[in-house]
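Spelled out from the first residue to the last, the chains are:
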Protein chains: 2
Amino acid sequence: MRVILPAGTTETALIDGISAAGAAPELMEHTPSADVEILEYGRPTAAPVTPVSPTGCPTPAAITRAVREVVGFDVTVVDAGLAQPTNAPTVDLGVEPGNDIRGAEAVPDAAAIYDRAHGYGSSLPDDEVMIGETVPGGTTTALGVLTALGEPAGVSSSLPDNPIERKHRVVDDALDASDLEGGDCADEPLAAIRAVGDPVQPTVAGIAAGALESGSDVTLAGGTQMVAVAALLRHAGIDAPLSIATTSFVADGQDDLEEACDRLNCDLTVTDPGFDRRAHCAMERYCAGEAKEGVGMGGSLSLVPEGRMDEVRDRVETVCTRLGIDENGANDGAP
Amino acid sequence: MRVILPAGTTETALIDGISAAGAAPELMEHTPSADVEILEYGRPTAAPVTPVSPTGCPTPAAITRAVREVVGFDVTVVDAGLAQPTNAPTVDLGVEPGNDIRGAEAVPDAAAIYDRAHGYGSSLPDDEVMIGETVPGGTTTALGVLTALGEPAGVSSSLPDNPIERKHRVVDDALDASDLEGGDCADEPLAAIRAVGDPVQPTVAGIAAGALESGSDVTLAGGTQMVAVAALLRHAGIDAPLSIATTSFVADGQDDLEEACDRLNCDLTVTDPGFDRRAHCAMERYCAGEAKEGVGMGGSLSLVPEGRMDEVRDRVETVCTRLGIDENGANDGAP
């Protein structure tokens, strides 16, 4: 099993109040760069920030890293539009950061990105690949493409109170700016991404399509953002088996997740890491609905063999300590 | 233990008859790109060539990969001047391919590369790092810097008959082109690299120096090229403990290796993978003195726990089959 992590950015994340991925807006574009360093090295090494919310909820990268330290799996990071440097090794597919979806074109070269990602995905020798994502603002762009495709699914949020009305308004403005209405991009997934998506979407979708074509089993590791990718693939006419693996935090807050997976003919795996058994701020924040998912968290949790989740919870504490987050949520500002 | 692999190129490799790293000169600049794909994915995925000599000797990347599949260790590839694209994830330190050392400047920005690599090395959280290399022509540039520094060590070769006289002539021409004589760069390692080195040298040396400074144990994984890096570090005034780990193939063919390590105050570990116990062309070619070392091979072999080398030899056969090399040395041209 190889875990592939496309990491990118979109200016959409800077719209006030839509993302919790990064405590301060000016640092948010460092979040994916920091996330992939946490995944590769165990903590940020060059990124000037540790992604932790004001209430002490660490980035899902911390959880995925903890699982990796327990289970061990290969991670390959793909640069899907990073805006800031990272010391993590990345596959270079020539992807640029995405534009605000309220402009004319969110991802002008969506088709070219998809093609290159497809070539990369089809080159992989692995029997099984799992594809995650890290892109602040990604649930809003997910709502964008789902709406453009005419898919009814709702989307989740990294905030405990999903600012869904605000997201809908942003998406409405975005569709207007592209002279589109909901459903106008049915069967035209690349047009949907170009107009109202983000650069991580054609990267994930392209890798998935290429890997499927070459005979790999593909699991999309994530919540509603991966529902959007699955929808993009189905609207591209790809009917190969697809799985989605996410966390209980997404599934519990998203009534129509199962229904969306059914409609898109995707197997759904939901893993509960049992964070309610620990009195540690990081895990309590997840139980309170913060962050919920991202950076392949739900997919990685699905790889934990039965009986070893307690070890994962121990390791989450270790990783949090390394990141300067104590059990009370105090963040000493490390790294 | 993290294995870091700076991978790069120098036009010096194109000088007739000095390198076996790639069967045909026009394909040689793909060799490091293919090597790092073999390390990451188990076989080349985008590189148009599998580095195998005309006699059927596979790149040392095949051996390092086999060890990795048995032992398991993290590999981080650093782009230290790749000339051709690779699908492997790489750390980007902004390093360009090196020039022919017979020109005015082999690595014009050696000092800047060293500084960036130092910053990267010092950022690593690992207690132990092992640093390898893949750069065709690297033993000639190693001879270049050793000569410029005034160090007496000889260098090894990827060819069974080391074209050492030719290398000396190339290095003499290179020093002439830079208005230097042997020893002129004593205590000026970056001047030596700039004049007659390659871009992988300041990358390896900088990472090593940075990692040492932050308290990591550093092992240089390689043969005479790593002796050259150790010399560069000692001439930079760095006197921290250093280890070199290489293969018996280098050590058996290089009488002054131990002496050089003594002089440079480096621990030397030599590992014999016992390839003479197998009637498989790939392993026979190593026993005949081809390839010998590279891509962290000797270092990775030093990580094999006692009693598991037979498993490594089995795995070398598996990797060779995957690369299209059969036990008789026939290469079906895959991928």
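An unreviewed UniProt entry lists chain A under the name UPF0284 protein SAMN04489842_2700, with Natronobacterium texcoconense given as the organism. In its Sequence similarities (unreviewed entry) section, the UniProt record describing chain A reads: "Belongs to the UPF0284 family."

Residue and element names in this part refer to chain B. Inspection of the secondary structure assignment puts E133 in the loop between β4 (128-131) and α5 (138-149). For the buried residue E133, which engages in no salt bridge, the nearest side chain bearing the opposite charge is K167, 12 Å off. For E133, the side chain forms a polar contact with the main-chain nitrogen of V135, separated by 3.3 Å. Of note is the side chain of E133, whose polar atom sits 3.1 Å from the side chain of Q225. When sequence neighbours within four positions are dropped, the list of residues in contact with E133 reads L5, P6, V200, A221, Q225, M226, G294, V295 and G296.

We now examine helix α9 (residues 224-235) of chain A. Residues and elements named next belong to chain A. Its twelve residues place the ends of α9 16 Å apart at the C-alpha level, agreeing with the 16 Å of an ideal helix rising 1.5 Å per residue. Listed in full, the buried residues belonging to α9 are T224, Q225, M226, V227, A228, V229, A230, A231, L232, L233, R234 and H235. Within two residues after α9, G237 carries a phi angle of roughly 85°, on the positive side.

Residues and elements named next belong to chain A. Taken in spatial order, the seven strands make up an open sheet running β3-β2-β1-β4-β5-β6-β7, and their pairing is parallel. The sheet is open, and its two edges are formed by β3 (90-92) and β7 (266-271), each paired on a single side. Pairs of neighbouring strands in the sheet enclose a mean axial angle of 25°, with direction left out of account. Across four bridges, strand β4 (residues 128-131) lies against strand β5 (residues 217-221) in parallel orientation. Its bridge partner being in β5, I131 is matched across the sheet by L220. Against the sheet, helix α2 (residues 31-41) makes contact with β1 (2-7) and β2 (74-79), and its axis sits at roughly 160° relative to β1, the strand it touches most.

A few words on the interface of chain A and chain B. Residue-level contacts link 19 residues of chain A with 19 residues of chain B. Summed over both partners, the interface of chain A with chain B buries about 1600 Å², with 46% contributed by carbon and sulfur atoms. The tally of links between chain A and chain B comes to four salt bridges. Residue E40(A) is joined to R2(B) by a salt bridge in which the shortest nitrogen-to-oxygen separation is 3.4 Å. Element by element, the count of residues in the side of chain A that touches chain B is highest for β2(A), at four residues. In terms of residue class, the side of chain A that touches chain B is built from nine nonpolar, five polar and five charged.

Position of P85(A) relative to the elements: it lies in the loop between β2 and β3. Sequence-wise, P85(A) and A47(A) are 38 residues apart; in three dimensions their C-alpha atoms are separated by 7.4 Å.

What follows covers the packing of aromatic side chains. Taken as a whole and assessed by the stated rule, the structure comprises eight aromatic pairs over all chains. When the ring of F249(A) is compared with that of Y286(A), the centres are 5.8 Å apart and the planes differ by 50°; the resulting orientation is tilted. One end of the pair, F249(A), is in helix α10 (residues 248-253); the other, Y286(A), is in helix α12 (residues 281-287), with 37 residues separating them in the sequence. Accessibility assignment for this pair places F249(A) and Y286(A) in one class, buried. Judged by centre distance (5.9 Å) and plane angle (35°), the rings of F249(B) and F275(B) are tilted. In this pair, F249(B) sits in helix α10 (residues 248-253) while F275(B) sits in the loop between β7 (266-271) and α12 (281-287), placing the two residues 26 residues apart along the sequence. An identical accessibility class is assigned to F249(B) and F275(B); each is buried. Connected via pairs of aromatic rings, a cluster forms that spans F249(A), F275(A) and Y286(A).

Parameters at a glance
- All residue numbers refer to positions counted from 1 along the written sequence of the respective chain.
- Lettering for chains starts from A, numbering for ligands starts from 1, and both go in the order in which the items are written.
- At least 70 in pLDDT is required for a residue's local features to be given in this predicted model, at least 80 for side-chain atom pairs to be given and counted, and no such filter applies to totals for whole chains, interfaces and linings, which use all residues.
- Note that water and hydrogens are dropped before the side-chain values are worked out from all heavy atoms of the structure.
- UniProt positions are given in the numbering used here, feature names are shortened, and annotations may be inferred rather than shown by experiment.
- Numbering of helices and strands runs from the N terminus, with a helix taken as a DSSP run of H or I at least four residues long and a strand as a DSSP run of E at least two residues long.
- Buried means the residue's accessible area, taken with a 1.4 Å probe over protein chains only, is under 20% of the maximum for its type, while exposed means over 50%, and partly exposed covers the values in between.
- Here Asp and Glu are counted as negative and Lys and Arg as positive; His is not counted, and neither are the chain ends.
- By definition, a salt bridge exists where a carboxyl oxygen of Asp or Glu is found within 4 Å of a side-chain nitrogen of Lys or Arg.
- Nitrogen and oxygen atoms within 3.5 Å of one another constitute a polar contact, given that in protein one can donate a hydrogen and the other can accept it, and given that sequence-neighbouring residues count only through two side-chain atoms.
- Residues are treated as being in contact if the distance between any of their heavy atoms lies within 4.5 Å.
- Any helix carries an expected span of 1.5 Å times its number of residues minus one.
- When DSSP finds two or more bridges between two strands, those strands count as paired.
- To obtain an axis, a line is fitted to C-alpha atoms, over the contacting stretch when the element is a helix, and the angle between two such axes runs from 0 to 180 degrees between their N-to-C directions.
- Note on terms: buried area is the combined drop in 1.4 Å-probe accessible area of two parts once they are placed together, counting the loss on both.
- Following the grouping adopted for this structure description, the nonpolar residues are Ala, Val, Leu, Ile, Met, Phe, Trp, Tyr, Cys and Pro, the charged ones are Asp, Glu, Lys and Arg, and the polar ones are all others, Gly among them.
- Here the aromatic set is Phe, Tyr and Trp, taking the six-membered ring for Trp, and pairing holds for ring centres within 6.5 Å; pairs whose planes are under 30 degrees apart are stacked, those over 60 apart are edge-to-face, and all others are tilted.

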